[in-house]
Amino acid sequence: MNAKERVINQLLGKEVDRPACYSGMGNVTTAGLEQFGYKFARVHGDAKMMADTAASSHKLFGFECAIVPYDLCLEAEAIGCVMNPYEQVDQLLYPTIKEKVCHSEDEMETFPIPDDVASRGRVPLVCEAIRLLQADIGSEVAIGTYVLGPFTLAGQLMDLNDLFKLSFKSPAKVNAMLDRLSEATIKIARALRDAGADYICIREMGATTDVLSPKVFQKVIFPHLKKVRDALADVPTILHICGGTNKIMNILKDVGCNAISVETKNDLAKSREDIGYEPLLFGNVDAYNILVTAAPEDVEKAVLAALEGSCDSIWPSCDIWPTAPIENLKAMTETVKKYGAEKWVRKNR
Amino acid sequence: MSNEKEILQKLRDGVVEYDNDMVIEASNEALAQGIDAEKAIFDGLVAGIEEIGRLYELEEIFVPEMLLAADAMYAGLNILKPHMEKKGDGGTKGHVIMGVVQGDVHDIGKNIVKMMFDVAGFEVHDLGRDVPLEDFIEEQLNTNSDLVCLSAMMTTTMVGMPEIIRKLKEKNPKVKIMIGGAPVNENLASQWGADGYAKDANNAGCY
């Protein structure tokens, strides 16, 4: 069973030999960039550079997937925002949105969303990167991609302070905007699927319960995640939420994605109490405090803890921070390979 | 004086109930009744914000509610602050520089911490979000601020913090630096040479 079969079969609920070690979030590394002599700020705008570096994670440390893109601006840019790739900055920075399209509460229901959003901005470029990856390593590893959840996307299109306040004060208004945005997300996700993505991670990172109450999550976040997921029934999806998620595990389960990915703050045992052992749960190796700054032995410990905590595949808890040492990333994939089958809670219960 | 007590209670309740109009009305009443502006701010508005902080820690309310309470508090502060008697030392407890580091456009946490410094009587130099390293250093040199607060909401941007801390300390070894934001923790703060770490806005105010 190769990596691709392992990843896809598990997502589809079929038998696999062990948990996989992969991700649904950015997987580029500085080592991968250096290998090709690419500058991070330029990779986002070039399909070949994107595909080369995404594939390098499999080649350098045995990651069982390749993922594009690396930034979080794809949808906002396609809708009409302007992105800043920080080309003039020496240090490594992820792109951000510098010009928003919705400037006031009144514009929430009126700002235009282009019908052909899936062929705008860099969507075609990321589709091309997916095709290049499928041709390069697609027979061995799974090729994944991600889209933002509608709420997180809304936070890039308008002032986030206002969005938060309105989600409490005028949920109907926010729901109307998110409903429109979920259509755009669905179109873009379908384009990425049609380009050959084996799975799609839905990242609703702006809506953690560190900032929003479970009540608002249920009322304002959940319906749109559900809508996106239901429209993507023909491709495996994984729902990833950052921060504390224990209070909303049941809501996440109801979204109905093929798997749920949680980060380090999640108490895995408590999660299983809430949602049982049936749903696939991925996670939750700290992407910075373990993968970047700790030693390989600590990585091994963290991976074992995630396995023993009932993770069905091992995912970093966020984008891999590019400077993560290759020894650490190797320790992560090697530990899963070595102990995954033996420690897999699903098989040992 | 029961009237004073009622007005202070109304200021507090207005903040806790996110009711800007109630706070504005009570602030004007306080001035009309000759209540000391500083007393109205601290025993009214700040008391409300403290209650909000308590409810936030209990996870009874979340960030949207806190932002709404902050709006109500500022609605009162804008009316009352001009009437505060200047203190001997120029009326401020000190200067604070705040900003969200470059690459990060999430400023909610920073705004809430800013509010705590505002009500505590500090003069806040707010650099906003996505702030390049050089701007922190330049502003520190220009204002000679005692404290610089750095915020980052994402793992991908907090890694720029050690560099800013190093450069700030190089230019002015006496400057105190406090860091905060979702991915930051106490260990990282000490590892990177920061003087303080604030888990949330309540703790930042105590610093």
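Small disclaimer: the values here were computed from a predicted structure and weren't measured. (Residues numbered from 1 in each chain as written. Chains lettered and ligands numbered in written order. Predicted model: local features only at pLDDT ≥ 70, side-chain atom pairs only at ≥ 80, totals over all residues. Heavy atoms only, no water.)

A closer look at the overall build of chain A
Scanning chain A from N- to C-terminus turns up 15 helices and nine strands. Relative to the 2.2 N^0.38 estimate, which gives 20 Å for 349 residues, the radius of gyration of chain A is 19 Å and therefore close to what a compact globule would have. Counting only C-alpha atoms and orienting by the principal axes, one finds that chain A spans roughly 55 × 50 × 35 Å. A buried classification covers 64% of the 349 residues belonging to chain A. Here the contacts in chain A between residues at least 6 apart in sequence split such that 74% fall between residues at least 24 apart. Summed over all atoms, the accessible surface of chain A reaches about 12300 Å², with 49% contributed by carbon and sulfur. Put simply, chain A has 39 plus and 48 minus side-chain charges, and the middle of one group is 3 Å from the middle of the other. (Helix = DSSP H or I, 4+ residues; strand = E, 2+ residues; numbered from the N terminus. Rg over C-alpha atoms; globule rule 2.2 N^0.38 Å. Buried < 20%, exposed > 50% of the residue type's maximum accessible area, 1.4 Å probe, protein only. Contact = heavy atoms within 4.5 Å. Areas by Shrake-Rupley, 256 points an atom, 1.4 Å probe, with all protein chains shown as cover. Lys, Arg positive; Asp, Glu negative; His and termini not counted. Charge placed at Lys NZ, Arg CZ, Asp CG, Glu CD.)

Regarding the domain arrangement of chain B
Residue and element names in this part refer to chain B. Looking at the assigned domains, one finds that chain B contains domain 1 (2–83) and domain 2 (95–206). The interface is formed by 13 residues belonging to domain 1 together with ten residues belonging to domain 2. For the pair domain 1 and domain 2, the summed buried area comes to about 1100 Å², and 71% of that belongs to carbon and sulfur atoms. The tally of links between domain 1 and domain 2 comes to zero salt bridges. Counting the contacts that link domain 1 with domain 2 gives one residue pair in polar contact (both at pLDDT 80 or more). Looking at the side of domain 1 that touches domain 2, the elements that each hand over two or more residues are helix 3 (37–57) and helix 4 (63–80). In terms of residue count, helix 4 provides more of the side of domain 1 that touches domain 2 than any other element does, seven residues in total. (Domains from an automatic or database assignment. Buried area = accessible area lost by both parts, 1.4 Å probe. Salt bridge = Lys/Arg side-chain N within 4 Å of Asp/Glu carboxyl O. Polar contact = N/O pair within 3.5 Å; in protein donor to acceptor, adjacent residues only side chain to side chain.)

With respect to the sheet that holds strand 7 (residues 259–262) of chain A
The strands that make up a sheet pair up through hydrogen bonds in the backbone, lying either parallel or antiparallel. All names here are of chain A. A sheet is described by the order of its strands in space; here seven strands give the open sequence 1-4-5-6-7-8-9, paired in parallel fashion. The sheet is open, and its two edges are formed by strand 1 (65–67) and strand 9 (313–316), each paired on a single side. The sheet shows a mean angle of 30° between the axes of neighbouring strands, taken without regard to direction. Pairing of strand 6 (residues 237–241) with strand 7, which is carried by four bridges, proceeds in the parallel orientation. Of the residues in strand 7, the one forming a bridge with histidine 240 is serine 261. Taken strand by strand, helix 13 (residues 296–308) contacts strand 8 (280–285) and strand 9, and its axis lies near 155° from that of strand 8. (Pairing = 2+ DSSP bridges. Axes fitted to C-alpha atoms, helices over the stretch in contact; angles between N-to-C directions.)

Notes on the confidence of the model for chain B
Confidence in the prediction for chain B averages 88 pLDDT; 92% of positions are at 70 or higher. Across chain B, the element-wise mean pLDDT spans from 50 in helix 10 (residues 201–206) of chain B up to 97 in helix 2 (residues 20–32) of chain B. (pLDDT = per-residue confidence, 0-100.)

Topic: the nonpolar core
By size, the foremost hydrophobic cluster in this structure holds 188 residues, and its most contacted members are Leu157(A), Ile314(A), Leu150(B) and Ile179(B). In terms of residue count, the dominant contributor to this core is helix 9 (residues 171–194) of chain A (ten residues). Three or more residues apiece are contributed to this core by two domains, here domain 1 (2–83) and domain 2 (95–206) of chain B. Excluding anything up to four places from it in sequence, Leu150(B) contacts Gly99(B), Val101(B), Phe136(B), Met161(B), Ile164(B), Ile165(B), Ile177(B), Met178(B), Ile179(B) and Gly180(B). (Core = buried A, V, L, I, M, F, W, Y, C linked by side-chain atoms within 4.5 Å.)

Some thoughts on the interface of chain B and chain A
On the chain A side, the residues contacting the 27 residues of chain B number 27 residues. Counting each side, the surface lost to burial between chain B and chain A is near 2400 Å², with a carbon and sulfur contribution of 65%. Applying the counting criterion to the chain B and chain A interface returns three salt bridges. Among the salt bridges present, the one from Asp71(B) reaches Lys165(A), with a minimum N-O distance of 2.7 Å. Applying the counting rule to chain B against chain A returns seven residue pairs in polar contact (both at pLDDT 80 or more). Elements with a minimum of two residues in the side of chain B that touches chain A: helix 4, helix 5 (108–119) and helix 7 (155–158) of chain B. When residues of the side of chain B that touches chain A are assigned to their parent elements, the largest contribution, six residues, is made by helix 4 of chain B. A per-class count over the side of chain B that touches chain A returns 13 nonpolar, eight polar and six charged. (Nonpolar A, V, L, I, M, F, W, Y, C, P; charged D, E, K, R; others polar.)

Remarks on the pattern of salt bridges
According to the stated counting rule, one finds 41 salt bridges over all chains in the structure shown. A salt bridge links Arg203(A) to Asp319(A); the shortest N-O distance between them is 2.8 Å. Note that Arg203(A) is positioned in strand 5 (residues 199–203) and Asp319(A) in the loop between strand 9 and helix 14 (326–343), a separation of 116 residues in sequence. Side by side, Arg203(A) and Asp319(A) carry an identical accessibility label, which is buried. In this structure, Arg166(B) engages Glu170(B) in a salt bridge whose closest nitrogen and oxygen atoms are separated by 3.2 Å. A residue pair is termed a helical-turn pair when its members lie 3 or 4 positions apart in one helix, as Arg166(B) and Glu170(B) do in helix 8 (residues 161–171) at four residues. Among the charged side chains, a salt-bridge network with shared partners connects Arg6(A), Asp17(A), Arg18(A) and Glu64(A).

Examining the side chain of Asp319(A)
All names here are of chain A. Exposure remark for aspartate 319: the relative accessible area of 6% places this residue in the buried category. A polar contact of 2.8 Å, which involves the side chain of aspartate 319, links it to the backbone nitrogen of glycine 26. Leave out the neighbours within four places in its chain, and aspartate 319 touches Met25, Gly26, Tyr70, Tyr94, Arg203 and Ala287.

Some words on unusual backbone geometry
The amide bond that connects Val68(A) to the next residue, Pro69(A), takes the cis arrangement and shows omega of -5°. In this structure, Pro69(A) sits in the loop between strand 1 and helix 5 (74–79). Unlike most non-glycine residues, Tyr18(B) shows phi in positive territory, near 55°. The topology assignment puts Tyr18(B) in the loop between helix 1 (2–16) and helix 2. Tyr18(B) gets classed as partly exposed once you look at its relative accessible area, which sits at 24%.

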